[in-house]
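# A closer look at the structure
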Amino acid sequence: MWRTVVCPRPGLSISDAHAGLVSAIRESFPDASWQRCKLHFMRNILVYVPQKEKKS
């Protein structure tokens, strides 16, 4: 016996800022908000911080 499961559309999508992924999310879920993942955001920022300025 098969059952159909209906999932509600997401209200918020969280991902890294990959242009293709963001575009696909906006196309697939036009009413959803998009937010950049804080972990990926921090990793991208830390690339520009000198090593001696980073805390261990």
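What counts as what
Residues numbered from 1 in each chain as written. Predicted model: local features only at pLDDT ≥ 70, side-chain atom pairs only at ≥ 80, totals over all residues. Heavy atoms only, no water. Helix = DSSP H or I, 4+ residues; strand = E, 2+ residues; numbered from the N terminus. Rg over C-alpha atoms; globule rule 2.2 N^0.38 Å. Buried < 20%, exposed > 50% of the residue type's maximum accessible area, 1.4 Å probe, protein only. Contact = heavy atoms within 4.5 Å. Patch = residues over 30% accessible without salt bridge, like charges linked within 9 Å, V, L, I, M, F, W, Y side chains within 5 Å. Areas by Shrake-Rupley, 256 points an atom, 1.4 Å probe, with all protein chains shown as cover. Salt bridge = Lys/Arg side-chain N within 4 Å of Asp/Glu carboxyl O. Pairing = 2+ DSSP bridges. Right-handed = clockwise from strand over helix to strand, strands pointing away. Polar contact = N/O pair within 3.5 Å; in protein donor to acceptor, adjacent residues only side chain to side chain.

Along the protein, the regular secondary structure elements total two helices and two strands. Ordered by position in the sequence, the α and β elements of the protein form the string β-α-β-α. In terms of C-alpha radius of gyration, the protein reaches 17 Å, well past the compact-globule figure of 10 Å for 56 residues. Put simply, the protein has 56 residues, and 11% of those count as buried. Long-range pairs, those at least 24 residues apart, make up 3% of the contacts in the protein with a sequence separation of at least 6.

With respect to the helices and strands, the residue Gly-11 is situated in the segment before strand 1 (12–15). You can call Gly-11 exposed: its relative accessible area is 52%. Sequence-wise, Gly-11 and Arg-26 are 15 residues apart; in three dimensions their C-alpha atoms are separated by 11 Å. The contacts of Gly-11, once residues within four sequence positions are left out, are Ala-32 and Ser-33.

Attention shifts here to the side chain of Ser-13. For Ser-13, the position within the fold is in strand 1. Taking the relative accessible area as the measure of exposure, Ser-13 reaches 10% and is therefore buried. In this structure, Ser-13 is in contact with Ile-25, Ala-32, Ser-33, Trp-34 and Gln-35, ignoring residues within four places of it in sequence.

Now for a nonpolar patch on the surface. There is a patch of nonpolar side chains on the surface, built from Phe-41, Met-42, Ile-45 and Leu-46 and spanning about 330 Å² of accessible area. Note on placement: Phe-41 falls in helix 2 (residues 38–46). Residue classification places Phe-41 among the partly exposed positions, given a relative accessible area of 40%.

On to the pairing of strand 2 (residues 33–36), then. One ladder, built from four bridges, connects strand 1 with strand 2; its direction is parallel. The partner of Ser-15 across the bridge, within strand 2, is Arg-36. Assessed by its sense of winding, the connection that carries the chain from strand 1 through helix 1 (residues 19–28) to strand 2 is right-handed.

Residue position: Ser-15 is located in strand 1. Of the residues examined, Ser-15 reaches a relative accessible area of 9% and is grouped as buried. Here Trp-34 takes part through its side chain, which lies 2.9 Å from a polar atom of the side chain of Ser-15. Not counting residues within four places of it along the chain, the set of residues in contact with Ser-15 comprises Leu-21, Ile-25, Trp-34, Gln-35, Arg-36 and Cys-37.

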